Amino acid sequence: MNTFAYRDGHYFAENVAVRQIADVVGTPFYCYSRAAIEARYDAIAGALKEFDALVCYAVKANSNQALIGLLAARGAGADVVSEGEMRRALAAGIPASKIVYSGVAKTVREIEFALQQDIRQFNVESEQELRVISAAAVRLNRIAHVAFRINPNVDAGTHEKISTGKAENKFGIAIEYARRAYDEARALPGIEVRGVDLHIGSQIMNLAPFEAAFSRIAELVEDLRRAGHTISTIDLGGGLGINYDRQNDKAPGIDDYAKIVRKTVGHLDCRIIVEPGRWLVGNAGVLVSSVIYTKTNGATKFLIIDAAMNDFLRPSMYNAYHSIVGEQQTDAAQVLYDIVGPVCETGDTFARKRQLPEQDAGDLVVIEGAGAYGSVMASTYNTRPLIPEVMVDGDEFRVIRQRPDYDSMIALDIPWDAAG
Ligand SMILES: *Cc1c(COP(=O)(O)O)cnc(C)c1O
């Protein structure tokens, strides 16, 4: 299915021309395809069916209520990393019994909130955290179901800022100390161990690190069982990479991922949880922006657009490649552009030396693969309002988050005299 494609020379999201949306909501805006999100969810749930898998959508990838709601309606759970995300997941209709809570720095307040909701599982990242959860559970007269996040010391071969499974990363409990942690958990009140958990990084384009990590986890499960621990769930985390470059990338297929799961942990008779974020929504969204100016400085031709690094941070933060195309499919001469935004720093660059048909002020360009880690990482730097989000479903589109107005942005501040 090609949910984002040219039709009669114009860029469409499903059956809606992005130009039509731009005329209504203005640019820049995020545009998501409902069909694309649902197709991805069905694909991963289908591929992992034999493991009775619970697909816990990693809400941090895109936490809009409309997206979470679609996934909730299909049976997804949620992987959350803060009280705010837990509240978003619950508000969108994900039952607490399908929420797993990850993160290295859960506060007492957050832990108490999670216990009151009776979430499915805490993915515990340290022994100190375990003790805090136990004390909170006793105070509230609840049982905390826990898995330890194990750091398997595997290099995911991804960008250093999103690699999480190496010994030097802050995440999880080193696999050498796992036995000790499980023994302690067994002795603590208010704690019931459910299983093991891991998450080795994001945008992983090769299955070998998954295979290595899952194999280590399988050995650990067998060790723990020999020591008398009950391990009924394995949470394999997220991290599966996607194609950002239509021409060149080769993301692993979901069936091959399922084969690795079968081969490494399939014999353990555990319920499998996965926590995909990017894989579910990354290619289900684009960012549509207008060309404001074009100019040439020396040998460099600039395409200056109305989206900026505050709207979409991945290119400047991770040096991420995103395909960027014109809204019009034309025979105009191809030009190599540096594509930049309005923010006053050189980091506000989406791409360098990128080939596009010649563009002019007022034309639209589309940044593809912007569904994950796009809107959620946006800020209002330069007092630029957060940009709207739109979802398309067949012939219809709806605004699923509005552009705030300037007055309401400024009204968040309190002048000194009024603050007194
Ligand atoms: C970020 C994160 C995910 C999702 O990662 P993706 O690469 O988007 O699939 C899943 N689990 C945990 C614990 C995370 O921190």
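Residues numbered from 1 in each chain as written. Predicted model: local features only at pLDDT ≥ 70, side-chain atom pairs only at ≥ 80, totals over all residues. Heavy atoms only, no water.

**Overview of the overall build of the protein chain**
Right, so step 1: Scanning the protein chain from terminus to terminus reveals 13 helices and 21 strands.
Right, so step 2: A globule of 420 residues ought to have a C-alpha radius of gyration of about 22 Å, and the protein chain, at 23 Å, matches this closely.
Right, so step 3: By its C-alpha atoms, the protein chain is 70 × 60 × 40 Å across when sized along the principal axes.
Right, so step 4: Residue pairs in contact within the protein chain that sit at least 24 positions apart in sequence constitute 69% of those at least 6 positions apart.
Right, so step 5: Just so you have it, the protein chain exposes about 18200 Å², and 48% of that area is on carbon and sulfur atoms. (Helix = DSSP H or I, 4+ residues; strand = E, 2+ residues; numbered from the N terminus. Rg over C-alpha atoms; globule rule 2.2 N^0.38 Å. Contact = heavy atoms within 4.5 Å. Areas by Shrake-Rupley, 256 points an atom, 1.4 Å probe, with all protein chains shown as cover.)

**A look at the site of the ligand**
Right, so step 1: In the vicinity of the ligand, 14 residues are found, and the nearest of them are K60, S202, E275, R278 and Y373.
Right, so step 2: Note that an oxygen atom of the ligand is positioned 2.8 Å from one of the backbone N or O atoms of G239.
Right, so step 3: Take Y373: an N or O atom from its side chain is 2.6 Å from an oxygen atom of the ligand.
Right, so step 4: In isolation the ligand has 390 Å² of accessible area, and contact with the protein removes 94% of it.
Right, so step 5: For the shell around the ligand, the class distribution of residues is three nonpolar, six polar and five charged. (Near = heavy atom within 4 Å. Polar contact = N/O pair within 3.5 Å; in protein donor to acceptor, adjacent residues only side chain to side chain. Nonpolar A, V, L, I, M, F, W, Y, C, P; charged D, E, K, R; others polar.)

**Considering the sheet that holds strand β3 (residues 16-17)**
Right, so step 1: Ordered in space as β1-β2-β3, the three strands form an open sheet in which the pairing is antiparallel. The open sheet has two edge strands, β1 (4-7) and β3, and neither has a second partner.
Right, so step 2: Bridge count between β1 and strand β2 (residues 10-13): four bridges; the pairing is antiparallel. Within the sheet, the bridge partner assigned to R7 lies in β2 and is H10. (Pairing = 2+ DSSP bridges.)

**Thoughts on the pattern of salt bridges**
Right, so step 1: With the rule as written, the count across this model stands at 24 salt bridges.
Right, so step 2: Measuring nitrogen to oxygen at the nearest pair gives 2.6 Å for the salt bridge that ties R131 to E184. In this pair, R131 sits in helix α6 (residues 127-140) while E184 sits in helix α7 (residues 178-187), placing the two residues 53 residues apart along the sequence.
Right, so step 3: Members of the salt-bridge network, linked through shared partners, are R34, E38, D42, R74 and D393. (Salt bridge = Lys/Arg side-chain N within 4 Å of Asp/Glu carboxyl O.)

**Here's the deal with helix α5 (residues 108-117)**
Right, so step 1: When we look at burial in α5, the residues that qualify are E110, I111, F113, A114 and L115.
Right, so step 2: On the buried face of α5, the contacting elements are α4 (83-91), β7 (99-101), β8 (121-124), α6 and β9 (144-151).
Right, so step 3: Two residues or fewer past α5, D118 is found with a positive phi of approximately 65°. (Buried < 20%, exposed > 50% of the residue type's maximum accessible area, 1.4 Å probe, protein only.)

**Remarks on the environment of I150**
Right, so step 1: Its place among the elements puts I150 in strand β9.
Right, so step 2: On the accessibility criterion, I150 (1% relative accessible area) is buried.
Right, so step 3: Counting along the chain gives 50 residues from I150 to I200, while the straight-line C-alpha distance between them is 9.4 Å.
Right, so step 4: Excluding residues that lie within four positions of it along the chain, I150 makes contacts with I173, I175, A178, Y182, D197, L198, I217 and L220.

**Here we look at the packing of helix α8 (residues 208-226) against helix α9 (residues 254-265)**
Right, so step 1: Look at α8 against α9: their axes get within 9 Å of each other, and the N-to-C directions meet at 25°. Viewed along their axes, α8 and α9 adopt a mutual orientation that is roughly parallel. At the point where α8 passes α9, the crossing takes the right-handed sense. Contact with α8, carried on its side by F210, E211, F214, S215 and A218, involves Y257, I260, V261, K263, T264 and V265 of α9 and no other residues of that element.
Right, so step 2: Of the residues assigned to the contact of α8 with α9, the class counts are seven nonpolar, two polar and two charged. (Axes fitted to C-alpha atoms, helices over the stretch in contact; angles between N-to-C directions. Parallel < 35°, antiparallel > 145°, perpendicular 65-115°, else oblique. Left-handed = near helix turned anticlockwise from the far one by under 90°.)

**Thoughts on unusual backbone geometry**
The bulk of non-glycine residues show a negative phi, and the bulk of peptide bonds are trans.
Right, so step 1: Residue P28 is bonded to the preceding T27 through a cis peptide linkage, with omega at -5°.
Right, so step 2: A positive phi angle, close to 45°, is found at E14, a residue other than glycine.
Right, so step 3: Tracing the backbone through its elements, the reader meets E14 in the loop between β2 and β3.
Right, so step 4: Not every positive phi belongs to a glycine, and K353 is a case in point at roughly 50°.
Right, so step 5: Topologically, K353 is positioned in strand β18 (residues 349-357).

**As for the domain arrangement of the protein chain**
Right, so step 1: Domain parsing of the protein chain yields domain 1 (4-31 + 283-410) and domain 2 (103-274).
Right, so step 2: Each of domain 1 and domain 2 has a C-alpha centre, and the two are 36 Å apart.
Right, so step 3: Across the boundary between the two partners, domain 1 contributes twelve residues, which contact nine residues of domain 2.
Right, so step 4: With both chains or domains summed, domain 1 and domain 2 bury close to 910 Å², and 46% of this area falls on carbon and sulfur atoms.
Right, so step 5: For domain 1, the biggest contributors to the area lost against domain 2 are N283, Y318 and Y321; these three give 48% of the whole.
Right, so step 6: Connecting domain 1 to domain 2 are one salt bridge.
Right, so step 7: One salt bridge in this structure joins R246 and E368, with 2.9 Å as the shortest N-O distance. (Domains from an automatic or database assignment. Buried area = accessible area lost by both parts, 1.4 Å probe.)

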